[in-house]
Amino acid sequence: MRKVLYRFFVDFEKEEKWVNEMGAQGWHLQKFSFGRFTFAKGEPGVFIYRNEFISGMSSNEKKDYFEFLKDSGISIINELGGWVYMKKTAADGPFELYSDTKSKIAYYKRMLNIFALLFLINAWMGISNISILSDKTSYGFFNQSIGVINIAVALLIAYPIIKIIKSKRSLEKEQQFFE
C-alpha cells in the first residue's frame, strides 16, 4: 500500500522528524519532491531517516560520498534540488551524519552560504521588480506581482537562515567551551 502526502516545510529538521515519525508508524519514505512525500506501508520503526543538503558537491564528490554512505550501510532514497534523503536500519544503532562539532559547523556554513545567496537573489529581484512602480501598463503590474512573490520567497528563506545561524553559533560556543 502506498500513501502520498503533501507537506511544505521551511524547517528541514522538523521535516526530518516528521519523516521519522511516519517511519515509526510503519510508513517508509520511498520518494520526495517539493512538498510531496511518497510512503509505502511496512513494519514500524525499521529505519532511521536523515536528510542532508549536499549542494555544492561536484559529481565525483557526490558519487564518492554516496559510495561511502552505501559502504556504511546507508541507503539513498532520493535526491532533489541539493537535498538527499537516506535511511539506515534502526537495528544498526544510532544514525548521525556528523559525529563531531567541527564537521557539523562546516555543514552549517555550507548551507548558510547557499541559503544566503538564494535570499539575496530573491530580495534583489523582488525590490527590482517592485521599483518599476512608475510603469502603469499591465507589464508593470506583472513585474510588481513577480516582485512580491520574490520578496515572499526571500522571507521564507530567511527562516532557515536564522535557524542555521543560531545552531551554528550554539555549536561554536560549545566548541570554545571544550577547547
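The present account deals with the structure reproduced in this document. Keep in mind that this is a model prediction, so the values were computed, not measured.

Turning next to a negative patch on the surface. The grouping of Glu-61, Asp-64, Glu-67 and Asp-71 at the surface amounts to a negative patch. Residue placement: Asp-64 occurs in helix α2 (residues 59-71).

Attention now goes to the pairing of strand β3 (residues 36-41). Pairing of strand β1 (residues 2-6) with β3, which is carried by five bridges, proceeds in the antiparallel orientation. Each bridged residue has a counterpart across the sheet, and for Lys-3 the counterpart in β3 is Phe-39. Remark: two residues form the turn of the hairpin made by strand β2 (residues 27-33) and β3, two consecutive strands paired antiparallel; Gly-35 in that turn has positive phi of roughly 80°.

So, about the side chain of Asn-78. As for its placement among the helices and strands, Asn-78 is situated in strand β5 (residues 74-80). For Asn-78, the side chain forms a polar contact with the main-chain oxygen of Phe-32, separated by 2.5 Å. Those residues in contact with Asn-78, other than ones at most four positions away along the chain, are Lys-31, Phe-32, Trp-83, Val-84 and Tyr-85.

Take the environment of Glu-174 next. With respect to the element layout, Glu-174 can be found in helix α4 (residues 138-178). Assessed through its relative accessible area of 37%, Glu-174 is described here as partly exposed. Taking the C-alpha atoms as reference points, Glu-174 and Thr-101, separated by 73 residues in sequence, lie 8.3 Å from one another.

With that settled, consider the layout of surface pockets. What the largest pocket holds in volume is close to 600 Å³. Along the wall of the largest pocket there are 24 residues; nearest its centre are Phe-8, Phe-9, Phe-34, Trp-83 and Phe-115. Listed by contribution, the elements that provide at least two residues to the lining of the largest pocket are α1 (12-24), β2, β4 (47-53), β6 (83-89), α3 (101-130) and α4. Among the residues making up the lining of the largest pocket, the classes are represented as 17 nonpolar, four polar and three charged. Within this model, the second largest pocket holds a volume of roughly 200 Å³. Forming the boundary of the second largest pocket are Phe-12, Glu-13, Glu-16, Arg-50, Asn-51, Glu-52, Glu-96, Leu-97, Tyr-98, Lys-104, Tyr-107 and Tyr-108. In the lining of the second largest pocket, the residues fall into five nonpolar, one polar and six charged.

What counts, and where the lines are drawn
Residues numbered from 1 in each chain as written. Predicted model: local features only at pLDDT ≥ 70, side-chain atom pairs only at ≥ 80, totals over all residues. Heavy atoms only, no water. Patch = residues over 30% accessible without salt bridge, like charges linked within 9 Å, V, L, I, M, F, W, Y side chains within 5 Å. Areas by Shrake-Rupley, 256 points an atom, 1.4 Å probe, with all protein chains shown as cover. Salt bridge = Lys/Arg side-chain N within 4 Å of Asp/Glu carboxyl O. Lys, Arg positive; Asp, Glu negative; His and termini not counted. Charge placed at Lys NZ, Arg CZ, Asp CG, Glu CD. Helix = DSSP H or I, 4+ residues; strand = E, 2+ residues; numbered from the N terminus. Pairing = 2+ DSSP bridges. Polar contact = N/O pair within 3.5 Å; in protein donor to acceptor, adjacent residues only side chain to side chain. Contact = heavy atoms within 4.5 Å. Buried < 20%, exposed > 50% of the residue type's maximum accessible area, 1.4 Å probe, protein only. 1 Å grid on protein atoms, 1.4 Å probe; cavity = no way out; pocket = protein on both sides within 12 Å on 5 of 7 lines; lining within 4 Å. Points joined across faces, edges and corners; volume = space filled by probe spheres on them. Nonpolar A, V, L, I, M, F, W, Y, C, P; charged D, E, K, R; others polar.

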